[in-house]
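Chain by chain, the residues:
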Amino acid sequence: MKAAVLTEINKPLQILDVEQEGPKTGEVRVKVKATGVCMSDWHMMIGDWPARLPLVPGHEAAGIVDEVGPGVTSVKAGDHVIFSFVPHCGHCAYCSRGRSVLCNGYKASPPGGMYDGTTRLKFNGEALFQMARIGTFAEYVVCSHENVVPIRKDMPWAQAALVGCSVATGVGAVTRHAKVRAGSDVVVIGCGGVGLNIVQGAKLAGARRIIAVDLLDNKLAYAKTFGATDTINAKTEKVAKRVKDLTAGMGADYAFDAIGSQITAAQIVDCVAPGGHAVLVGIPAMTVTAAISPAMMVFQEKSLTGSMYGSVQPNLDFPILCDLYMEKKINLDALISRTYKLAEINEGFAQLAAGSHARGVVMFD
Ligand SMILES: [Zn+2]
Ligand SMILES: [Zn+2]
């Protein structure tokens, strides 16, 4: 089967014919139908985050269960599923508290392989690793049943794929993590795949003002179509000052950073009013740090928190997000700017890096 493989940092992906073993106990094989081109793949490809090479990237995907290994009862062949890039053991301290994104039931095995420590992919006899233990830039994926969530069968594939990363991360950051109250004023910095979903999550939550911030006017135009009431181009305007002007001198109730840079992490704290909540969502390189004023955090009782994967519980939230799409309460169609074939995947990353798109999706037949 074919897969797009990262053999070296900062090199294009190579489409290779790789060998795949079938699912073992607790595992499934999924025929991938659609997989999104996401900044997190890019971070691994350029060495921002540690990766075991050679690696099949890809983590935002949906497909059809092709075969299940012994002991799997959560899905069966023919089920439509969305991949979850975090597992949920269901019984660790975090899963028990409903925080399955932090599940620590599987820490024992090294990343990139199965939970038993072995790998299912090989190229020329050499072990090949899978990003987030899924690696969806491939025609088929063998992974733990914990990493797939069954969904309704009328959900279209490209839209289903996006639920598995950018939609869950963005909408979840608003509804599950920050629990934005109706009537609030919200700032969103960064209007890529995740940021646009924060914008529409804020709309879903009934926010009053949704102020979108980016450096590119085309992305601010996208944000308007997803519900932004105001936009700020951070290249030409002072962000925190403009936010104050737009909120009667107060500042926002919530501010979300979908980028995760030294500048934007500090900006979200400056954008919220005293008592406001700033949320870090976008993940930068591991080396990035940011400066905040502890004194002002205390004097003004501001909160700064991080939300991973929208703080969702994938098995609960993915089907809900699909229903919200099918009932036209969230817009996933306008997120998909372009589709690619697997062979065109490097073009997808070039366009992602250029910022010309909302989201690109690789489709399989
Ligand atoms: Zn992603
Ligand atoms: Zn757990």
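1. Points about the overall build of the protein
Okay, step 1: Assigned secondary structure in the protein consists of ten helices and 19 strands.
Okay, step 2: The C-alpha radius of gyration computed for the protein amounts to 20 Å, which stays within 12% of the reference 21 Å derived for 365 residues, consistent with globular compactness.
Okay, step 3: Taking the principal axes of the C-alpha coordinates as reference, the protein spans close to 60 × 40 × 40 Å.
Okay, step 4: Counting across all 365 residues of the protein, residues that qualify as buried make up 54%.
Okay, step 5: Summarising the internal contacts of the protein: among those between residues at least 6 apart in sequence, 70% fall at separations of at least 24.
Okay, step 6: In the form shown here, the protein has an accessible surface area of approximately 15,100 Å², with 55% of it arising from carbon and sulfur atoms.
Okay, step 7: Looking at the protein, you have 35 positive and 33 negative side-chain charges, and the mean spots of the two groups are 4 Å apart.

2. A closer look at the packing of aromatic side chains
Okay, step 1: The tally for this structure, following the rule as stated, stands at four aromatic pairs.
Okay, step 2: For the ring pair Trp42 and Phe349, a centre distance of 6.1 Å and an interplane angle of 15° mean the geometry is stacked. Of the two residues, Trp42 sits in helix α1 (residues 39-45) while Phe349 sits in helix α10 (residues 345-354), which places them 307 residues apart along the sequence.
Okay, step 3: Taken together, Trp42, Phe137 and Phe349 form an aromatic cluster joined through their ring pairs.
Okay, step 4: For Arg29, the ring lying beneath its charged end belongs to Tyr140, and the centroid distance is 6.0 Å.
Okay, step 5: For the cation-ring pair, Arg97 lies above Tyr94, with the distance from its terminal atom to the ring centre recorded as 5.6 Å.

3. Comments concerning the coordination of the zinc ion (ligand 2)
Between any two of four tetrahedral donors, the ideal angle at the metal is 109.5 degrees; between two of six octahedral donors, it is 90 or 180 degrees.
Okay, step 1: Here the zinc ion (ligand 2) is held by Cys89 (SG), Cys92 (SG), Cys95 (SG) and Cys103 (SG), and the distances to it run 2.4 Å.
Okay, step 2: Geometry at the zinc ion (ligand 2) is tetrahedral, judged from its four donor atoms and the angles of 104 to 118° they form at the metal.
Okay, step 3: Within one chain, the residues donating to the zinc ion (ligand 2) are spaced in sequence as C-x2-C-x2-C-x7-C. Of the two residues, Cys89 sits in the loop between β7 (80-83) and α2 (93-96) while Cys103 sits in the loop between α2 and β8 (121-123), which places them 14 residues apart along the sequence.
Okay, step 4: Cys89 gets classed as buried once you look at its relative accessible area, which sits at 13%.
Okay, step 5: Of the residues examined, Cys103 reaches a relative accessible area of 11% and is grouped as buried.

4. So, the domain arrangement of the protein
Okay, step 1: Under the domain assignment used here, the protein contains domain 1 (2-150 + 332-363) and domain 2 (171-307).
Okay, step 2: Computed over C-alpha atoms only, the centres of domain 1 and domain 2 are separated by 29 Å.
Okay, step 3: Each partner contributes residues to the interface: domain 1 has 14 residues there, and domain 2 has 13 residues.
Okay, step 4: Where domain 1 meets domain 2, there are zero salt bridges.
Okay, step 5: Run the count over domain 1 and domain 2 and you get four residue pairs in polar contact (both at pLDDT 80 or more).
Okay, step 6: For the side of domain 1 that touches domain 2, the residue count by class is seven nonpolar, five polar and two charged.

5. Re the sheet that holds strand β17 (residues 303-306)
The strands making up a sheet are joined through hydrogen bonds of the backbone, oriented either antiparallel or parallel.
Okay, step 1: Taking strand neighbours across the sheet as the criterion, the six strands line up as β14-β13-β12-β15-β16-β17 in an open arrangement whose pairing is parallel. Edge positions in the open sheet fall to β14 (230-233) and β17, since each of these has one partner strand only. Here the average twist between neighbouring strands, direction ignored, is 20°.
Okay, step 2: Where strand β16 (residues 272-280) lies against β17, four bridges are found, and the strand directions are parallel. Each bridged residue has a counterpart across the sheet, and for Leu280 the counterpart in β17 is Gly306.
Okay, step 3: Sitting on the sheet, helix α4 (residues 193-204) is in contact with β12 (185-189), β13 (209-214) and β15 (252-257), with an inclination near 170° to β12.
Okay, step 4: The sheet strands contacting helix α7 (residues 262-271) are β12, β15, β16 and β17, and the helix crosses β16 at an angle near 150°.

How each quantity is defined
Residues numbered from 1 in each chain as written. Chains lettered and ligands numbered in written order. Predicted model: local features only at pLDDT ≥ 70, side-chain atom pairs only at ≥ 80, totals over all residues. Heavy atoms only, no water. Helix = DSSP H or I, 4+ residues; strand = E, 2+ residues; numbered from the N terminus. Rg over C-alpha atoms; globule rule 2.2 N^0.38 Å. Buried < 20%, exposed > 50% of the residue type's maximum accessible area, 1.4 Å probe, protein only. Contact = heavy atoms within 4.5 Å. Areas by Shrake-Rupley, 256 points an atom, 1.4 Å probe, with all protein chains shown as cover. Lys, Arg positive; Asp, Glu negative; His and termini not counted. Charge placed at Lys NZ, Arg CZ, Asp CG, Glu CD. Phe/Tyr/Trp six-rings, centres within 6.5 Å; stacked < 30°, edge-to-face > 60°. Lys NZ or Arg CZ within 6 Å of the ring centre and 35° of its normal. Donors = N, O, S within 2.8 Å, 3.2 Å for Na, K, Ca; no water. Tetrahedral: all angles 85-135°; square planar, octahedral: opposite > 155°, others 65-115°. Domains from an automatic or database assignment. Salt bridge = Lys/Arg side-chain N within 4 Å of Asp/Glu carboxyl O. Polar contact = N/O pair within 3.5 Å; in protein donor to acceptor, adjacent residues only side chain to side chain. Nonpolar A, V, L, I, M, F, W, Y, C, P; charged D, E, K, R; others polar. Pairing = 2+ DSSP bridges. Axes fitted to C-alpha atoms, helices over the stretch in contact; angles between N-to-C directions.

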